[in-house]
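Chain and residue survey
What follows is each chain in one-letter form.
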Amino acid sequence: QVQLVESGGGLVQPGGSLRLSCAASGSIFGSAVMGWYRQAPGKQRELVATMTPAGTATSADSVKGRFTISRDNAKSTVYLQMNSLKPEDTAIYYCKARSLYYGTEYWGKGTLVTVSS
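Quick look at the structure, then. Just so it is clear, the structure is predicted and the values come from calculations on it, not from any experiment.

Turning to the overall build of the protein, a few remarks are in order. Scanning the protein from N- to C-terminus turns up 0 helices and 11 strands. Listed N to C, the secondary structure of the protein is β-β-β-β-β-β-β-β-β-β-β in terms of helices and strands. Taken over C-alpha atoms, the radius of gyration comes to 13 Å for the protein, in line with the 13 Å a tight globule of 117 residues would show. Reported as C-alpha extents along the three principal axes, the dimensions of the protein are approximately 45 × 25 × 25 Å. Taking all 117 residues of the protein together, 43% fall into the buried category. Long-range contacts, defined here as pairs at least 24 residues apart, represent 54% of the contacts in the protein between residues at least 6 apart. On the protein, roughly 6200 Å² of surface is accessible, and the fraction owed to carbon and sulfur atoms is 49%. Looking at charge distribution, the protein has the averaged site of its 12 positive side-chain charges lying 3 Å from that of its 7 negative ones.

Structure representation (structure tokens):
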């Protein structure tokens, strides 16, 4: 059974920083593409950033230069460092794992990030 648990969300002022964490249980982490997605109120869920097991990262244009994804395979944890936060970054942030072998996807329950003064 794979479980993903996000943490690190909260309220931050514009221009501030937060670091999200997603801890994975089960044996999937080492062979999974890990990703962060977000869903703002009234909007569809969108990709924020992904990272392969080898460390190749991609990110949405809207967060390039501000957000950085990283992973610690020994701890089965993926991180999202978010800097220079803007009000439009307000959303629930979800962690996803996609197995490279089977294509199976798993989602966490999300963590709320609110950027407001």
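Soluble globular proteins tend to pack their nonpolar side chains together in the buried interior. If you look at the biggest cluster of nonpolar residues, it comprises 30 residues, and the most contacted ones within it are Met34, Trp36, Leu80, Met82 and Tyr93. Only β3 (18-25), β4 (32-39), β5 (46-51), β7 (67-72), β8 (77-82), β9 (91-99) and β11 (111-115) provide two or more residues apiece to this core. For leucine 80, the contacting residues outside a window of four places in its chain are Leu18, Arg19, Leu20, Trp36, Val48, Ala49, Phe67, Thr68, Ile69 and Tyr93.

Reading the values: rules and limits
Residues numbered from 1 in each chain as written. Predicted model: local features only at pLDDT ≥ 70, side-chain atom pairs only at ≥ 80, totals over all residues. Heavy atoms only, no water. Helix = DSSP H or I, 4+ residues; strand = E, 2+ residues; numbered from the N terminus. Rg over C-alpha atoms; globule rule 2.2 N^0.38 Å. Buried < 20%, exposed > 50% of the residue type's maximum accessible area, 1.4 Å probe, protein only. Contact = heavy atoms within 4.5 Å. Areas by Shrake-Rupley, 256 points an atom, 1.4 Å probe, with all protein chains shown as cover. Lys, Arg positive; Asp, Glu negative; His and termini not counted. Charge placed at Lys NZ, Arg CZ, Asp CG, Glu CD. Core = buried A, V, L, I, M, F, W, Y, C linked by side-chain atoms within 4.5 Å.

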